[in-house]
Amino acid sequence: MGTQQATDGRPPGSEEHPAGAQVEVRGVTKRFGDATAVSNLDLDVAEHEFLVLLGPSGCGKSTALRLIAGLDEPDAGTIAIGGHDVTDVEARDRDVAMVFQSYALYPHMTVRRNIEFPLRNRKVPKAERDRLVGEAADALDLADLLGRKPSQLSGGQRQRVALARAIVRRPALFLMDEPLSNLDAKLRVQTRAELIQLQRRLRTTVVYVTHDQVEAMTMGHRIAIMSAGVLQQVGPPAEVYARPANVFVAGFIGNPPMNLLDGTVEVGGTTLAVAVGDARVELPPALASLAVSTDARDVVLGVRPEDLTVDPSAPLRATVAVVESLGHERHLVCERPGGELVTSRVTGDDDLPAVGEELGLAIRAEGVHLFDRATGRRIGP
Amino acid sequence: MRTVLRYLVLTALAAVVLFPIYITVVNSLLTPGQIAGRPPTLFPTHPQWHTYSTAWSQGHLGRYLLNSFLVTIVIVVGQVVTSIAAAYAFAFLEFPFRRTIFVLFLATMMVPFEITFFTNQATVVQLGWYDTYLALTVPFLATGFGAFLIRQSFLAMPGPLRDAAELDGAGHWRFMTKVAVPLARPSIAALAVFSFFGAFNQYLWPLIVTKDERLRTVQIGLRYLRSTQVDQINVTFAGTVLAALPLFVLLLLFQKHLVRGLTAGAVKG
């Protein structure tokens, strides 16, 4: 035990809900052999915040979570929880609880024993223990299952036991590593809502790892997107969606993903346009002035499928390759002359073009995102 | 048809395995003359039950069995405890030369007992343990095999359990006693049964490190019985049955664990 205790001297299992702790991650790097799993990570999580760490598998998000938990040690940087530097504090003294993807229930213990385990380890007296277990079991609707073993539970029930075990000692910080990914689709949606309610009720700080952007968009107050060990962008879901900081975020957030087309900035008279193949896409004036101020001439033009509409007269030509119908909306996957695929989202009951038909695609001016092709960074606000 | 054939083969094999045991029991109930007679008698028509009381009283089997049990229990407890501790270290702790030391542990399994036999005997004598219970037990309180067996079962545990226990506030001791050991119970039971049989059946080692008759174990007692009751071979057979009886009872009780231990990890439990 190096520096201070993270528990603030608060007795284990004390009555009042702790104010969810804030988390400060500063310059944290973690290497495994030659591979850098997390590179120079700076991240702040506010009190009572629900922060989602989002990224594809292998992006370092789970490692980042384990570093915050204290299950792995960083090679560089510091981590503070609740204002205390815990970089050298053992995981069990950090006052954090974690829910694992596999739930990690103790298979030989009953549900009651599983939930009780953190309390027994901290020598909480029996009467207090019974009360806390009862509360946690009630909160997660487990009261009837306390005598069962994990093997006698369904996936959803196991998941709730894992949650109960995590909340029973009222940790200042809650870490969740893809807790919903082993549930079937319907249960996942339901549990997602329950988790949000639970977090509001307990007012704990949550850091939640997922690769599922729907979970991230619906659950997080803010989303932190990681790729290849590097933090790409942090922001509220709407902002990350509306103003992706770089090409990676643009392509990762949104379903179907944003169309990303290589283009060249061309000055033509009084206006500025991006040439995509043989088509010219005029930039809205605000974006045009910004594009002029940067040196980048080779750019990536990003357009969300909903900002790409069918317009016979539009210069961007494409051939319909696939029509996907999801009921409330349709996706037109079209092939550009160069072989690139672009997707347009169509709502309403308009007649759809047939597969193989050539059409023009118009871009809504406000829907244009521009990125520097060399750096991948966003140009503009 | 296949089933019938399979059971025929199994029955034949069982008969081959059980025949020596059967004939031992039968011989213990025959007169020495009947045992020597040809063709052999396969069923005792006038069972000589007194052979058992003779073996028990004149062969001092009670004392020998007690010794055997004492020595065996100390060895079993010792092996289980040291194996769990070593296995835990190899499975869950980080320390320098972990792999190398583990390989050395494994290497001890490849050295036959006979090679270290005389060195160990000399060591025991030098330590002044000759003719004591220490000589009978201490050299067997740890085994590489036990550490290996239980380490495998620790390693088969899902990784997040250790992480979860750590976050739940369990240190190494709590994790070992409350999570790792209960989950490794089948392997630990198998180790206990194996080491029980091994210790109980020892013959050569107790023979060369003890001479006091009061320290002798039952296997040596049997040989002693044989040499004193030369004209009554049936008494020796009765003693053999008595000496084997505890193992037989143990086998019945722990059969499940024994098989489970042998197949542990083969089938997802």
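Since this is a predicted model, take the numbers as computed values, not measurements.

Reading guide: rules and limits
- Residue positions are given per chain, counting from 1 as you read along its sequence in written order.
- Chain letters start at A and ligand numbers start at 1, both assigned in the order the entries are written.
- Under the rules for a predicted model, residues below a pLDDT of 70 receive no local features and side-chain atom pairs below 80 are neither given nor counted, while totals for whole chains, interfaces and linings still include all residues.
- Each side-chain value is worked out from all heavy atoms of the structure, with water and hydrogens disregarded.
- The secondary structure listing takes helices from DSSP runs of H or I that are at least 4 residues long and strands from runs of E that are at least 2 residues long, numbered from the N terminus.
- Burial here depends on accessible area, computed with a 1.4 Å probe over protein chains only, as a share of the maximum for the residue type. Under 20% is buried, over 50% is exposed, and the range in between is partly exposed.
- The contact criterion used is simple: two residues touch if any of their non-hydrogen atoms lie within 4.5 Å.
- Here the accessible surface of atoms and residues is derived via Shrake-Rupley with a 1.4 Å probe, and residues count as covered only by protein chains that are part of the display.
- The positive count covers Lys and Arg only, the negative count covers Asp and Glu only, and His and the chain ends enter neither.
- In this description, the location of a charge corresponds to atom NZ of lysine, CZ of arginine, CG of aspartate or CD of glutamate.
- Note on pairing: DSSP must find at least two bridges between two strands before they are called paired.
- Geometry is summarised by axes, namely lines fitted to C-alpha atoms with helices restricted to the contacting stretch, and by angles between N-to-C directions that run from 0 to 180 degrees.
- Here, nonpolar core refers to any group of buried Ala, Val, Leu, Ile, Met, Phe, Trp, Tyr and Cys residues whose side-chain atoms link them within 4.5 Å.
- Any Lys or Arg side-chain nitrogen found within 4 Å of a carboxyl oxygen on Asp or Glu counts as a salt bridge.
- Handedness rule for crossovers: strands pointing away from the viewer, path from the first strand over the helix to the second running clockwise, crossover right-handed.
- Cavity: a set of points on a 1 Å grid over the protein atoms alone where a 1.4 Å probe fits but cannot get out. Pocket: an open set with protein on both sides within 12 Å along at least five of seven lines, its lining residues, like those of a cavity, having an atom within 4 Å of a point.
- Grid points are joined across faces, edges and corners, and a volume is the space filled by probe spheres set on the points.
- Each residue gets one label: Ala, Val, Leu, Ile, Met, Phe, Trp, Tyr, Cys and Pro are nonpolar, Asp, Glu, Lys and Arg are charged, and the others, such as Gly, are polar.

A.B. asks: What is the right way to read the overall build of chain B from this model?
C.D. replies: Looking only at helices and strands, chain B has 14 helices and 0 strands in total. Counting helices and strands in the order they occur from the N terminus, chain B gives α-α-α-α-α-α-α-α-α-α-α-α-α-α. Considering only C-alpha atoms, chain B reaches an extent of 70 × 65 × 30 Å along its principal axes. Looking at chain B residue by residue over its 269 residues, the buried ones come to 41%. In chain B, of all internal contacts separated by at least 6 residues, the share reaching a separation of at least 24 is 72%. Of the roughly 15300 Å² of accessible surface on chain B, 71% is carried by carbon and sulfur atoms. One finds the centroid of the 19 positive side-chain charges in chain B at a distance of 9 Å from the centroid of its 9 negative side-chain charges.

A.B. asks: I tried to follow the sheet that holds strand 18 (residues 341-346) of chain A on my own but got confused; where do I start?
C.D. replies: Each strand in a sheet pairs with its neighbour through backbone hydrogen bonds, running either in the same direction (parallel) or in the opposite one (antiparallel). Residues and elements named next belong to chain A. A sheet is described by the order of its strands in space; here 5 strands give the open sequence 15-19-16-17-18, paired in antiparallel fashion. The open sheet has two edge strands, strand 15 (308-310) and strand 18, and neither has a second partner. The average angle at which neighbouring strand axes cross in this sheet is 50 degrees, direction not considered. Across 6 bridges, the pairing between strand 17 (residues 330-335) and strand 18 is antiparallel. Among the inter-strand pairings, Cys334 is bridged to a residue of strand 18, identified as Val342.

A.B. asks: Could you clarify how one ought to interpret the nonpolar core in this entry?
C.D. replies: Side chains of nonpolar character tend, in soluble globular proteins, to be buried together. By size, the foremost hydrophobic cluster in this structure holds 76 residues, and its most contacted members are Leu175 of chain A together with Phe154 of chain B. Ignoring sequence-local partners within four residues, the contact set of Phe154 of chain B consists of Ile84, Ala87, Tyr88, Ala91, Phe92, Ala180, Val181 and Ala184 of chain B. In this structure, Val99, Ala136, Leu146 and Phe252 of chain A belong to the second largest nonpolar core, which totals 45 residues.

A.B. asks: Explanation requested: the pairing of strand 9 (residues 222-227) of chain A in the structure shown.
C.D. replies: Each regular strand displays side chains that alternate between the two surfaces of the sheet. All names here are of chain A. Extensive coverage of strand 9 is indicated by the burial of 5 of its 6 residues. Two strands pair when backbone bridges link them, and strand 9 and strand 10 (residues 230-235) are joined in this way by 5 bridges, in the antiparallel orientation. Each bridged residue has a counterpart across the sheet, and for Met226 the counterpart in strand 10 is Leu231. The turn linking strand 9 back onto strand 10 is made up of 2 residues, and Ala228 within it adopts a positive phi angle of 50 degrees.

A.B. asks: I keep staring at the pattern of salt bridges and nothing clicks. Help me out?
C.D. replies: Proximity of charged atoms lets side chains of opposite charge pair with each other. Residue and element names in this part refer to chain A. In total, this model carries 25 salt bridges over all chains according to the counting rule given. Note that Arg345 and Glu329 form a salt bridge whose closest N and O atoms lie 3.2 Å from each other. Note that Arg345 is positioned in strand 18 and Glu329 in the loop between strand 16 (316-325) and strand 17, a separation of 16 residues in sequence. Relative accessible area serves as the criterion here: at 11%, Glu329 is assigned to the buried category. Between Glu366 and Arg364 there is a salt bridge, and its shortest N-O distance comes to 2.9 Å. Among the residues examined, Glu366 registers a relative accessible area of 62% and is labelled exposed. Under the relative-accessibility criterion, Arg364 is labelled partly exposed at 39%. Each of Arg113, Glu116, Arg120 and Arg129 takes part in salt bridges that share partners, so that together they form one network.

A.B. asks: Looking at this structure, I do not really get the pairing of strand 8 (residues 205-210) of chain A. What am I missing?
C.D. replies: Residue and element names in this part refer to chain A. In terms of burial, strand 8 is largely enclosed, as 6 of its 6 residues are buried. Along strand 8, one buried face is formed by Thr205, Val207 and Val209 and the opposite face, lined by Val206, Tyr208 and Thr210, is buried too. One ladder, built from 5 bridges, connects strand 3 (residues 50-54) with strand 8; its direction is parallel. The residue bridging Leu54 from the neighbouring strand is Thr210, located in strand 8. Direction of pairing for strand 7 (residues 173-177) relative to strand 8: parallel, over a ladder of 5 bridges. In the strand pairing of strand 8, Leu175 is matched with Val207. In this region the chain leaves strand 7, passes through helix 5 (residues 185-202) and returns to the parallel neighbour strand 8; the handedness of that crossover is right-handed.

A.B. asks: Just to check I follow, could you spell out the layout of surface pockets for this structure?
C.D. replies: Empty space among the atoms becomes visible once a probe the size of a water molecule is rolled across them. Residues and elements named next belong to chain B. Roughly 810 Å³ of internal volume is contained in the second largest pocket. Lining the second largest pocket are 27 residues, with Thr108, Phe140, Ala142, Thr143 and Gly144 sitting closest to its centre. Among the elements of the structure, helix 4 (61-92), helix 5 (98-110), helix 6 (113-126), helix 8 (144-155) and helix 11 (185-200) are those that each provide at least two residues to the lining of the second largest pocket. Of the residues belonging to the lining of the second largest pocket, the class tally is 16 nonpolar, 11 polar and no charged.

Read these as layout, nothing more, since geometry by itself doesn't imply function.
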